[in-house]
Amino acid sequence: MEQSIQKCYGYRYFLYLSKNLIMASYKQGLASLLNEKHLLTSVSIALSEVNQGTDIPALLVEQLQKITGSFLVAYFDYDHDQRVFIPCLIKARHKTVQKGVQDLEHEILKQGMPVSDTAYQQFIDHPIGFSTTLHDISFGAISEALENTIRSALIFNRYYWITFPISDVLYGASLVGLREDQPAPSDELLHFFSWMAAITLRRNKEDARINKIRELEVRQSEEKYRLLAEHSADVIWILKTDGKFSYISPSIEKLRGYTPDEVMTQSLAEILTPNSFLKVVKLMGDTEAKIKQGASYINPTPVVLEQPCRDGSTVWTEAMVQAMFDETGKHTGYLGITRDITERLKAEEELRRVELHFQALIENATDGVVLVNHLGQFKYISPSAKKIFSYQDEDNDIGSPDQLTHPEDLPMVQKHLGQLIEDPSYVPVLRYRFLAKDGSWRWIESKFTNMFAETSVEAIVINFRDITDRKNAEEEIKTLNLSLEKRVEQRTSELLAANKELEAFAYTVSHDLRAPVRAIDGFAKIIEDDYLSHIDGECKRLFGIIHENTHRMEHLIDDLLSFSRLSRTDMSYSTINMGEIIWKCYNEYTPAELRSKINMTVSDFPLVRGDYAMLVQVWTNLISNAVKYSSHTEHPEIRIETSRMENELVFSITDNGIGFDMKYADKLFGVFQRLHTTKEFDGTGVGLAIVQRIIHRHGGRVWAKGAVKKGATFSFTLRPEESPASSRL
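Caption draft 1: Layout of the packing of helix α21 (residues 612–629) against helix α22 (residues 687–697). At a minimum axis separation of 9 Å, α21 and α22 run at an interaxial angle of 145 degrees. Relative to α22, α21 is oriented so that their crossing is left-handed. Residue-level inspection shows Met614, Gln617, Val618, Asn621, Leu622 and Asn625 of α21 in contact with α22, the latter providing Gly687, Leu688, Ile690, Val691, Ile694, Ile695 and Arg697. Split by residue class, the contact of α21 with α22 holds 8 nonpolar, 4 polar and 1 charged.

In structure tokens:
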């Protein structure tokens, strides 16, 4: 018996599940008990036919009356807070006790049945009640009055008081009255009734507690969601099936300029533009159709709508709409969340415009663009790429990149591709040959970019251009360069040989001329000395002319030798202070009486690299020319200065002498070229040619500017010393 009771008692753990499962637990519990004791067949049959929602306690009381023959069964719930029994059900089988039962129920409902601590403990210890006397339920007059009422109403004193405790917790009780001619109910029946009633009451109390918790949670949840809705930037709304709003969050005013109360009075046609209104009507119609087909849940549907604002403008919104149902499954309306997407649509439109712009650039560009996927196949080929290789726009299956790359170039391309895949930041630019549709090989210059990480691309992007014509031109240029180099080399050899011959000739001529000139001068001197007494004034003048010209010829020969040696002399480079050279040349080659008349100014000079002896010769010629050609000026001035021009140093010497006509500027640096007669200014016409030859050997340039009677400026360039410095003299 105890084992059967424990089995029934064990089903209390299912009380937290659904009513269907609770029903099943009752049936299984009864079946387990009846199979062992073969009792209560009618009860088993009755419970096997119950449906969801059946009141199990009422059914137990009814079956208990049928089986035991009891003419009265009272079913009570125990209130732990008030410590009283509250009647749930009282049933009587005989008319003679109906009035007594009503009095009993009225008495209990009016005053309750308080339970003392002693009685509470008795109920826990002895769940099956008593046959003749009623145990003390509470101390006080209520117990006695209740007992008298029961005795007068029941006529007989034979009854049972059955309590429903589980784990020392009292859940309720029953009062069972019997006729004297009926046998006492079995212990199995009373115990089973006690346990099943306890389980039922416990379930009811747990359900009530859970419902209270759920109600509290619902209220808290409603409050939380209300606060969220009222402070949300999105508009949250509820639309009933009749097309009227039952709720709109305050953010609607920021969206459209209308308050929630104003929108509540507006129809759908008023809050939407005509096209958007038709869109919503269709959405609602589709939803109603699905519900009529039996759908109890419909996925939220996003819809883009245009809504008018108070100021006359419109705003684009996206609404997420969810159909709502009540607990019976009836469709009650729609819950929606509306968001302003005006800026998003503008951004999307701008993005589409930019995409179309770049698409047009790609499709109309002269350069080709292809995308290669992770399998090494073409993912995209631009129209210009197809055109480069003689394909038509409709040609899509043109092969793979590996198949179309020249076999000799393929290993190089694959090597760089492997490095590109390992290092996405690597961006190689390659030149190789690619097979065209007509079978020819086209040279292309390609830039590879790894864009596998870009979800919108996921490929290697290759930008390329056709350089076939350029490659052919480069080959032609290379061939011409080789030919030109050979010709230049040959011509250089010829020029070197010619220069050597010219230098040798100049040297020989200079030496050969020196002896006759000296002989002329010497014989003229002998005649002049031997026949001085016989020579008149005119002869002396003529002998003077002979001596003057022979001396001039010797100077010319010396200058010519100096000029010819410049090409053969090795240069010795050193760091040179130009200021020192200038002042040295000026002081050594300018007579003191002239220096006292000349206003000479020299600016600061940086250090330079050059041949010291040659640069002394340059400044000697330039300074002597400046002194010579400004000597006829009342206040001669010479100014020497420097400046920087890009990566060169420019040195200039300026005088205020007689100057020259610029149309003769190209003759100044030629050998034996003079703009003035020897009577005006002495000289051989080689000095400036020497200056030009020396400056050219230093890698510089030389030029002159001037005007008649307004002076002249001679300039030349040199490269600066690697670590420039300045010197002030």
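Caption draft 2: Seen up close, the confidence of the model for the chain. Looking at the chain as a whole, its pLDDT mean stands at 76, while 74% of the residues score no less than 70. The low-confidence segment residues 723–729, where pLDDT is below 50, has 13 contacts with residues more than four positions distant or belonging to other chains.

Caption draft 3: The arrangement of unusual backbone geometry in detail. One non-glycine residue, Arg83, lies in positive phi territory at about 55 degrees. Tracing the sequence through the fold places Arg83 in the loop between β1 (72–79) and β2 (84–92). Arg83 sits in the partly exposed class, given a relative accessible area of 30%. Although it is not a glycine, Ser390 sits at a positive phi angle of roughly 70 degrees. For Ser390, the position within the fold is in the loop between α14 (383–388) and α15 (401–404).

Caption draft 4: Here's a closer look at the pattern of salt bridges. In total, this model carries 20 salt bridges according to the counting rule given. Residues Glu349 and Arg352 are paired through a salt bridge, measuring 2.7 Å at the closest nitrogen-oxygen approach. Taken together, the residues span about one helical turn, with Glu349 and Arg352 both in helix α13 (residues 342–364) at a distance of 3 residues. Look at Arg352 and you get partly exposed, because its relative accessible area is 41%. Between Glu648 and Arg701 there is a salt bridge, and its shortest N-O distance comes to 3.0 Å. Of the two residues, Glu648 sits in strand β20 (residues 648–655) while Arg701 sits in the loop between α22 and β21 (702–706), which places them 53 residues apart along the sequence. Under the relative-accessibility criterion, Glu648 is labelled buried at 18%. Via salt bridges that share partners, Arg431, Glu445, Arg470 and Glu474 belong to a single interconnected network.

Caption draft 5: Seen up close, the sheet that holds strand β12 (residues 378–381). The strand order β12-β11-β15-β14-β13 describes an open sheet built from 5 strands, whose pairing is antiparallel. Both edges of this open sheet fall to β12 and β13 (429–435), since each of them pairs with a single strand only. In this sheet, neighbouring strand axes are inclined to one another by 30 degrees on average, regardless of whether the strands run parallel or antiparallel.

Caption draft 6: Here's a closer look at the sheet that holds β20. The strand order β17-β19-β20-β22-β21 describes an open sheet built from 5 strands, whose pairing is mixed. The open sheet is flanked by β17 (599–602) and β21, the only strands paired with a single partner. With direction set aside, neighbouring strand axes in the sheet form an average angle of 20 degrees. Where strand β19 (residues 637–645) lies against β20, 8 bridges are found, and the strand directions are antiparallel. The partner of Glu641 across the bridge, within β20, is Ser652. Of the strands in this sheet, β19, β20 and β22 (712–718) touch α21, which is tilted by about 30 degrees from β20. Strands β21 and β22 of the sheet are contacted by α22, whose axis makes an angle of about 25 degrees with β22.

Reading guide: rules and limits
- Residues numbered from 1 in each chain as written.
- Predicted model: local features only at pLDDT ≥ 70, side-chain atom pairs only at ≥ 80, totals over all residues.
- Heavy atoms only, no water.
- Axes fitted to C-alpha atoms, helices over the stretch in contact; angles between N-to-C directions.
- Helix = DSSP H or I, 4+ residues; strand = E, 2+ residues; numbered from the N terminus.
- Left-handed = near helix turned anticlockwise from the far one by under 90°.
- Contact = heavy atoms within 4.5 Å.
- Nonpolar A, V, L, I, M, F, W, Y, C, P; charged D, E, K, R; others polar.
- pLDDT = per-residue confidence, 0-100.
- Buried < 20%, exposed > 50% of the residue type's maximum accessible area, 1.4 Å probe, protein only.
- Salt bridge = Lys/Arg side-chain N within 4 Å of Asp/Glu carboxyl O.
- Pairing = 2+ DSSP bridges.

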